[in-house]
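The residues making up each chain are set out below.
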Amino acid sequence: MPGQENSSDKEKNLELFLSIGLDERTARNTIANSKVTSNLTAVIHEADVTHGCDRTVGNLLYSVSTKYPTNALVHRPTLLEYVVSSKIKTPAQLEAAFSFLAATASENFKLEDFELACGVGVEVSAEEIEKSVNEVFEENKGAILEQRYRTNVGDLFAHLRKRHPWADPKIVKKLIDAKLYELLGERTAADDEKVPKKKKEKTPKVEEKSVVVSTPEQPSEEEINPFLIFPQPEENFKVHTEVFFSDGSILRCCNTKELLEKHLKVTGGRVLTRFPPEPNGYLHIGHAKAMFVDFGLAKDRGGGCYLRYDDTNPEAEKKEYIDHIEEIVKWMGWEPFKITYTSDYFQDLYDLAVELIRRGHAYVDHQTPEEVKKYRENKVNSPWRDRPIAESLKLFEDMRRGLIEEGKATLRMKQDMQSDNYNMYDLIAYRIKFTPHPHAGDKWCVYPSYDYAHCIVDSLENVTHSLCTLEFETRRASYYWLLHSLGLYQPYVWEYSRLNISNTVMSKRKLNKLVTEKWVDGWDDPRLMTLAGLRRRGVTSTAINTFVRGIGITRSDCSMIRVDRLEYHIREELNKTAPRTMVVLNPLKVVITNLEVGSTLDLDARKWPDVQADDVSAYYKVPFSNVVYIESSDFRTKDSKDYYGLAPGKSVLLRYAFPIKCTDVIFDDDKETVLEIRAEYDPSKKTKPKGVLHWVAEPSPGVDPLNIEVRLFDKLFLSENPAELEDWLADLNPQSKVVIPNAYAVSSLGTAAVGDKFQFERLGYFVVDKDSTPEKLVFNRTVTLRDSYNKGGK
C-alpha cells in the first residue's frame, strides 16, 4: 500500500540520517520537509557515506544539503570529496566554499584557487591560537572582569575568528574557557544570580546570546552570529541565481561591474535592507522574525533598514494600520534608517512601466480574471500579447487618465508562458482602481502590483539584501527578470523559513475575519499573536526577540513551533522583571478566632524571591487581620496524604505570615457549599505545616480587600494547526478567555498603572490592562507559572 511504502521510506531515511550523526530531532524535522530530505539523501549518496560517517562530517553534509548554491551544482561532488576527506572540516571553511562556488557557478576553476579560498591545508597551531586568545583577553580585560562569567563568549569567538578564520573551533573554545578560569577563578554563587532589575530600564534591543562558559559543546557560528551567512555588498557581482527559460536560454542573475560600482558609490558600501509590511492589518509575531532578520542584519553590519510601507492596494489600507506599524516597530526595539512608501515611487514606477512596454516586455491585456486564470493554467498566450508596442503605450496612457473602466484592462509583463515556474506566466504589473490612496491621494487610478513594484523599489532604494520568507522563492525568477529587462541594479535575494506557531492563525485574512466578525476583541486582543495583542498581554519585546533569535534564520526548518517555546522565553524575562504580590481569584473567607477583631499586623512580604534582609525596597507591607481570604480550591472537607491545602483539623502556613489550623467549617443550607472557615493561628510559628498558601486580608474590620478584575487567557484554538481545518472557526477554544470580576488583591497593588507587570504568587504573571479605571484595576494573565517547554524539542 502507498501509505505503508511512505512510512517505510521515512524509516529508512531516518536510519540514514542518524547514521551520519544527526541528532534525532533534526533528523525527524528533516523528514518532515520533502525538499530537504531529497537534497540530503542525494548528498549522502553523492558523498558515498550511506554506511555512515562521523558527526562532524555529517553536520557539514547537512549544511551542504540546505545551503549549497544551486548555480554551482556541477561542482558539488568536488566539494563533497573535500568534506569527506576532512580537508574542509569547519563551518567557516564550508561557508567560504559556498561563496567561492557561487561566484564561479558552472565555470571551470583551479583547485589551488579553491583551496586557497577555503583555507584547505592551513593549520593554525595551538600556540598561535593561545597567543591571540591572550591578546583578545588583554584588549577586553576590563569588560571581562566587570561581567565575569556573564561575558558574551560569542563576542570573544568573533574576535578570534577575524584573526584566525581557519582555526579549530574546539581548540579556540578550550583555550577561551581556560583563560576565563585563569582570570576569574571558580564560578561563584554571585555569577549565577539573576541579572539585576535595572535591565528593564534599557531600550529593548536584540542582544547577542550569552554562551554559558561551562557548556562543553562548541557553539555554532549561527548561534554566535546568525548573520554570517550573508555576503557583503561588494560581492554582488557574483552569480547566485539562474533563471531557466523554456527556449533553453539562461539568465544568470548578477550585476555588471558598472552597475555595482554605481550602487556602491551611492551607498558607500553600507548594507541596506528593508522591512516592507502591507498596511492592511496589524503586525503579528511572524513579522517579529522578519524584523529580526531585516533590521538585525543591517545593525550587525553597521548599515540601515528602511521601514517601507508596501501600499499598492488602496482598498485594503488604512491610516490606522500605518500608524500602528511605525509604533510597533519602535516598540520592538528597531530604529528605521528611513520611513518610505512604495507610493512615493508611483511616478518612477509608471515611467519604468512605459519603458518596459517600449522595450517589448509588457502589453495591455483585456482578459477577465477568470480568462487569465484559465489561460495561465493551460500555458496559453493572451490574444493581446503580441499587440503593437505603440498600441499598448496608447492604451496604458488611457488607463492612467481614467479613460478605461475598472476591470477592462491590465498591464501584463511579457515573460515566459511556457516556463516551469508559474510566477513567470505574464504577471500583472498594473490594474485600474478608481479608489483614492491613503498616502498618495486621488492622483492615480492605476496601481502597480506587488510583483512589479517590489523589486523595482528595492533597486531604486539601493537595497543590498532583499530578504523574505520561503513562499516567495519561486518569485525570484520574476524579480530578476524584471530588473534585468529594465537594466536596473539587482539586490541580493535570500529567503528564510517563515514562523509558524501552534494553536493560532497568522494569515492576515483569517486575523481580519476574527476581528471584523468580533470573535475576538480587536486587533490587540491578548489571545491573538499580533504584536499589539502580545504587548497588551504583558509580553515584552525582549522576550519576543530572544524567542525569534533562538529559532534562527535558516531555510531548512518550516516546522510548527509550539507556543510553549515562546512562553518559556516570556517566563524567563518576567521572572527577572515582575515583582511578586498576592491575589486571590476565588476568595473563601477564613475567620481567625484567636486574633482580636480590629487588630491588624503589618507584615513584610517579598517582591523578589532572593533578597537581602536589609534591602527595604525589596519588600512591601501586607495587613494581617482576623479575616483573611484564601483560594476556594485551597480548601477541602476531606484530607489526603498528597494534599497540602487546608482541611478540617489540618494546618497550613499563610505565606509571610503564620500557620493557621482549621477548627470549624460553616456550610450553606445545602450542607455542601462552604461559606466560611474558622481557624486559629499560631503566633509562635512553632507549627511547621507542609502546605504554604497565598492569601489576602481585610485591611480593616468589615472592609473588603482591594477588588480587581482578572482575565485569564489561554490558547485561542484547540488544535495545534487550526489553519489546516476546513471549519477553522469551529476550533476556537471556548475557554480562551475567562473573566473573574471580583478577585481580591493586597492593598499595595492599588497604585499599579497600565502596563505594570507582576507575578501573582502561585497563579502566574499578570499585567495591568488598558481597560482599568480609577475605580477598578483590570489584570490580564500573561502566562502561567508552569513551564511545559522542553529545550530539546520544538
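Residues numbered from 1 in each chain as written. Predicted model: local features only at pLDDT ≥ 70, side-chain atom pairs only at ≥ 80, totals over all residues. Heavy atoms only, no water.

As annotated in an unreviewed UniProt entry, the protein chain carries the name glutamine--tRNA ligase and comes from Trema orientale. We quote the UniProt Catalytic activity (unreviewed entry) comment for the protein chain here in full: "tRNA(Gln) + L-glutamine + ATP = L-glutaminyl-tRNA(Gln) + AMP + diphosphate". (UniProt positions renumbered as here; feature names shortened; annotations may be inferred.)

Caption draft 1: Spotlight on the sheet that holds strand E7 (residues 410-413). Here 4 strands make up an open sheet; going across it, the order is E6-E7-E8-E9 and the pairing antiparallel. Taken across any chain shown, the strands that pair with only one partner, and hence form the sheet edges, are strand E6 (362-365) and strand E9 (446-448). Sheet twist, expressed as the mean angle between neighbouring strand axes with direction ignored, is 20°. Pairing of strand E8 (residues 428-432) with E9, which is carried by 3 bridges, proceeds in the antiparallel orientation. Opposite isoleucine 432, over in E9, you have valine 446 as the bridge partner. Against the sheet, helix H18 (residues 389-400) touches E6, E7, E8 and E9, its axis set at about 60° to E6. (Pairing = 2+ DSSP bridges. Helix = DSSP H or I, 4+ residues; strand = E, 2+ residues; numbered from the N terminus. Axes fitted to C-alpha atoms, helices over the stretch in contact; angles between N-to-C directions. Contact = heavy atoms within 4.5 Å.)

Caption draft 2: Just the layout of surface pockets, in detail. Of the pockets and cavities examined, the second largest pocket occupies roughly 1200 Å³. Along the walls of the second largest pocket sit 47 residues, with Glu278, Asp310, Tyr450, Phe472 and Arg475 positioned nearest its centre. Contributions of two or more residues to the lining of the second largest pocket are made by strand E3 (272-275), helix H14 (285-300), helix H17 (369-377), E8, helix H19 (450-460) and strand E10 (465-469). By residue class, the composition of the lining of the second largest pocket is 19 nonpolar, 12 polar and 16 charged. (1 Å grid on protein atoms, 1.4 Å probe; cavity = no way out; pocket = protein on both sides within 12 Å on 5 of 7 lines; lining within 4 Å. Points joined across faces, edges and corners; volume = space filled by probe spheres on them. Nonpolar A, V, L, I, M, F, W, Y, C, P; charged D, E, K, R; others polar.)

Caption draft 3: Summary view of unusual backbone geometry. Residue serine 86 is not a glycine yet carries a positive backbone phi of 65°. For serine 86, the location among the structural elements is in the loop between helix H5 (76-84) and helix H6 (91-104). The exposure class assigned to serine 86 is partly exposed, which follows from its relative accessible area of 35%. A positive phi angle, close to 60°, is found at lysine 685, a residue other than glycine. Inspection of the secondary structure puts lysine 685 in the loop between strand E22 (674-681) and strand E23 (692-693). (Buried < 20%, exposed > 50% of the residue type's maximum accessible area, 1.4 Å probe, protein only.)

Caption draft 4: Structural context of the state of the cysteines. The tally for this structure, following the rule as stated, stands at 0 disulfides. Cysteine 118 carries a free sulfur, and the closest cysteine sulfur to it, the one in cysteine 53, is 19 Å from it. By relative accessible area, cysteine 118 is classed as buried at 0%. The thiol of cysteine 305 is not disulfide-bonded; the next cysteine sulfur, from cysteine 468, is found 13 Å away. (Disulfide = S-S within 2.5 Å.)

Caption draft 5: Inspection of the sheet that holds strand E20 (residues 651-654) at higher detail. With mixed pairing, 7 strands are arranged side by side in an open sheet as E23-E20-E21-E22-E16-E19-E24. Looking at the sheet topology across the chains shown, the edges are occupied by E23 and strand E24 (696-697).

Caption draft 6: Fine view of the UniProt feature "domain: tRNA synthetases class I (E and Q) anti-codon binding" (unreviewed entry) in the protein chain. Within this numbering scheme, the UniProt entry marks residues 692-769 as carrying the feature "domain: tRNA synthetases class I (E and Q) anti-codon binding" (unreviewed entry). In residues 692-769, helix accounts for 0% and strand for 38%; the two terminal C-alpha atoms are 29 Å from one another.

Caption draft 7: Quick peek at the packing of aromatic side chains. What the rule picks out here adds up to 32 aromatic pairs. Geometrically, the ring pair formed by phenylalanine 295 and tryptophan 334 is stacked, given 5.7 Å between the ring centres and 15° between the ring planes. One end of the pair, phenylalanine 295, is in helix H14; the other, tryptophan 334, is in the loop between helix H15 (319-331) and strand E5 (338-341), and 39 residues separate them in sequence. In this structure, phenylalanine 295 and tryptophan 334 share a single accessibility class: buried. Feature note: the residues Phe346, Tyr350, Phe396, Tyr430, Trp444, Tyr447 and Tyr452 constitute an aromatic cluster, connected by ring pairs. (Phe/Tyr/Trp six-rings, centres within 6.5 Å; stacked < 30°, edge-to-face > 60°.)

Caption draft 8: Here's a closer look at the side chain of lysine 173. Mapped onto the elements of the fold, lysine 173 is located in helix H11 (residues 169-184). Relative accessible area serves as the criterion here: at 4%, lysine 173 is assigned to the buried category. Side-chain polar atoms of lysine 173 contact the side chain of aspartate 177, separated by 2.6 Å. (Polar contact = N/O pair within 3.5 Å; in protein donor to acceptor, adjacent residues only side chain to side chain.)

Caption draft 9: The pattern of salt bridges, seen in detail. Summed over all chains, the structure comprises 50 salt bridges. For the salt bridge of aspartate 769 with arginine 711, the shortest nitrogen-to-oxygen distance reads 3.3 Å. Linking aspartate 769 in the loop between strand E28 (764-768) and strand E29 (778-783) with arginine 711 in strand E25 (residues 706-713), this pair joins segments that are 58 residues apart in sequence. Grouping residues by exposure puts aspartate 769 and arginine 711 together as buried. Among the ionic pairs, arginine 711 bridges to aspartate 771, the shortest N-O distance being 2.9 Å. Of this pair, arginine 711 sits in strand E25 while aspartate 771 is found in the loop between E28 and E29, placing the two residues 60 residues apart along the sequence. Its relative accessible area of 11% is what places arginine 711 among the buried residues. Note on aspartate 771: relative accessible area 37%, which makes it partly exposed. Within this structure, Asp524, Arg536, Glu709, Arg711, Asp769, Lys770 and Asp771 form a network of salt bridges that share partners. (Salt bridge = Lys/Arg side-chain N within 4 Å of Asp/Glu carboxyl O.)

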